[in-house]
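Coordinate analysis (summary)
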Amino acid sequence: MLHYVASSSDDYPQQASDIESKFFVSTPDTDEVQLGLEQSIALRRLQHNGKCHDCTGQPCLIIEGEPGLGKSEMVRAALGAQGIEEIGKESLEKLDATDKQYFIKIPASMAREQKRELLSRAQQNGHIVWIDEINSCLSDGFEKDFNLATTGVNPITGKEGKNKAGFLLIATANAASYDGRSIIGEAIRSRSTSLTMLPW
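Residues numbered from 1 in each chain as written. Predicted model: local features only at pLDDT ≥ 70, side-chain atom pairs only at ≥ 80, totals over all residues. Heavy atoms only, no water.

A few points about the overall build of the protein
Note the cut-off: Counting from the N terminus, the helices are the DSSP runs of H or I reaching at least four residues and the strands are the DSSP runs of E reaching at least two. Relative accessibility decides the category of a residue: with a 1.4 Å probe and only protein chains considered, values under 20% of the type maximum give buried, values over 50% give exposed, and everything between is partly exposed. Two residues qualify as a contact provided that any one of their heavy atoms is within 4.5 Å of a heavy atom in the partner residue. The method behind every accessible area is Shrake-Rupley, applied with a 1.4 Å probe, and residues are considered shielded solely by the protein chains displayed.
Scanning the protein for helices and strands turns up five helices and six strands. Element order for the protein, N to C, with α for helix and β for strand: α-β-α-β-β-α-β-α-β-α-β. The buried share among the 200 residues of the protein stands at 50%. Long-range contacts, defined as pairs at least 24 residues apart, comprise 75% of the intrachain contacts of the protein with a sequence gap of at least 6. Total accessible area computed for the protein in this model is approximately 9,800 Å², and 47% of it derives from carbon and sulfur atoms.

As structure tokens, then:
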């Protein structure tokens with residue numbers, strides 16, 4: 001169990017759900033990682049909807065593993081299974097004027113300025129940010145922005161505050177031994193729940 005949630009909540013999974021998508025199928029080998037992911041998403045969804053004021057949990061979840069194991073496909077399937085839809089860059093104004101919770105996917109190749117803008121909007125509105133291959137984009141200064149966001153500091157303005165209920169960072173990462181990948185620092189690790197996806 002990664003978080004404490006009031007036992008009366010029926011929306012918090014106690015076991016991995018049987019999710020299946022075009023690119024991901026649940027198996028016993030993925031259950032532990034999948035359950036941790038689903039619990040993190042469910043916790044933030046409950047908080048966003050004002051149903052879980054006494055819940056606790058880390059502001060970030062990191063899923064690590066070798067390439068090709070289905071980390072990204074699992075994240076997308078788990079978000080979809082809980083009814084959390086993706087919102088694209090062209091519709092970001094919706095984030096400021098909706099009670100619905102969305103997720104924003106940030107690719108590693110995105111410019112740092114754009115990453116910061118998306119982080120800031122998600123912080124202020126309680127949305128979920130999914131960063132793919134995070135350890136391939138930390139050397140451009142984004143590691144600082146990431147750390148600020150996990151502590152409630154706006155990465156653009158530097159203003160301290162509190163992230164709106166529901167805000168969550170989900171990151172996938174390949175091993176640091178691969179070209180272009182860096183080691184995830186202790187500052188990020190200390191504010192994250194880390195799960196490792198093993199080869200099938």
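Things to note about the environment of Gly 57
Relative to the helices and strands, Gly 57 resides in the loop between α1 (31-48) and β1 (60-65). Taking the relative accessible area as the measure of exposure, Gly 57 reaches 34% and is therefore partly exposed. On a C-alpha basis, the gap between Gly 57 and Ser 192 in space is 8.9 Å, while along the polypeptide they are 135 residues apart.

Examining the nonpolar core
Applied cut-off: Put simply, a nonpolar core is a bunch of buried Ala, Val, Leu, Ile, Met, Phe, Trp, Tyr and Cys residues held in one set by side-chain atoms that sit within 4.5 Å of each other.
In this structure, Val 129, Ile 131, Ile 134, Phe 146, Leu 169 and Ile 184 are the most contacted members of the largest nonpolar core, which totals 24 residues. Secondary-structure elements contributing two or more residues to this core are β1, β3 (102-106), α3 (112-125), β4 (128-131), α4 (142-150) and β5 (168-173). Non-local contacts of Val 129, meaning those with residues more than four positions away in its chain, are made with Ile 104, Ile 106, Leu 119, Ala 122, Phe 167, Leu 168, Leu 169 and Ile 170. Counting residues in each nonpolar core, the second largest holds 18 residues, with Leu 37, Ile 84, Phe 103 and Met 197 among its members.

So, the confidence of the model for the protein
Put simply, the test is: Confidence scores labelled pLDDT are given residue by residue by the predictor and lie between 0 and 100.
The share of residues in the protein with pLDDT of 70 or more is 86%, and the mean pLDDT across the chain is 84. Across the protein, element-level confidence peaks in β4 with a mean pLDDT of 95 and bottoms out in helix α5 (residues 186-190) with 89. Counting interchain partners and residues more than four positions distant, the pLDDT-below-50 stretch residues 1-8 has 23 contacts.

A short note on α1
Selection rule: Helix span is expected to be 1.5 Å times the residue number reduced by one.
In this model, α1 (18 residues) spans 25 Å end to end at C-alpha, consistent with the 26 Å of a helix rising 1.5 Å per residue. Along α1, 16 of the 18 residues are buried, which leaves the element largely enclosed by surrounding structure. One or two positions beyond α1, positive phi appears at Gly 50, with a value near 70°.

Some remarks on the side chain of Asn 135
Within the secondary structure layout, Asn 135 lies in the loop between β4 and α4. The class for Asn 135 is buried, based on a relative accessible area of 2%. Ignoring any residue separated from it by four or fewer positions in sequence, one finds Asn 135 in contact with Ala 173, Asn 174, Ala 175, Ala 176, Gly 180, Arg 181, Ser 182 and Ile 184.

Some remarks on the packing of aromatic side chains
What counts, and what does not: In summary, the pairing rule links any two rings of Phe, Tyr or Trp, Trp by its six-membered ring, whose centres are within 6.5 Å, and it sorts them by plane angle into stacked for under 30 degrees, edge-to-face for over 60 and tilted for everything else. By the criterion adopted, a ring carries a charge over it if an Arg CZ or a Lys NZ lies within 6 Å of its centre and within 35 degrees of its normal.
A full pass over the atoms with the stated rule returns two aromatic pairs. Geometrically, the ring pair formed by Phe 142 and Phe 146 is edge-to-face, given 6.3 Å between the ring centres and 70° between the ring planes. You can see Phe 142 and its partner Phe 146 sitting in helix α4, four residues apart, about one turn around the helix. Over the ring of Trp 130 we find Lys 105, and its NZ or CZ is 4.6 Å from the ring centre. In this arrangement the basic side chain of Lys 115 is found over the ring face of Phe 142, its NZ or CZ atom lying 5.4 Å from the centre.

Notes on the pattern of salt bridges
Close approach of charged atoms allows side chains with opposite charge to pair. Where we set the bar: What counts as a salt bridge is simple: a side-chain nitrogen of Lys or Arg found within 4 Å of a carboxyl oxygen of Asp or Glu.
Throughout the structure, instances matching the rule amount to eight salt bridges. For Glu 85, the salt bridge identified is with Lys 100, shortest N-O distance 3.1 Å. Residue Glu 85 is located in strand β2 (residues 85-86), and its partner Lys 100 is located in the loop between β2 and β3; the two are separated by 15 residues in the primary sequence. Taking the relative accessible area as the measure of exposure, Lys 100 reaches 34% and is therefore partly exposed.

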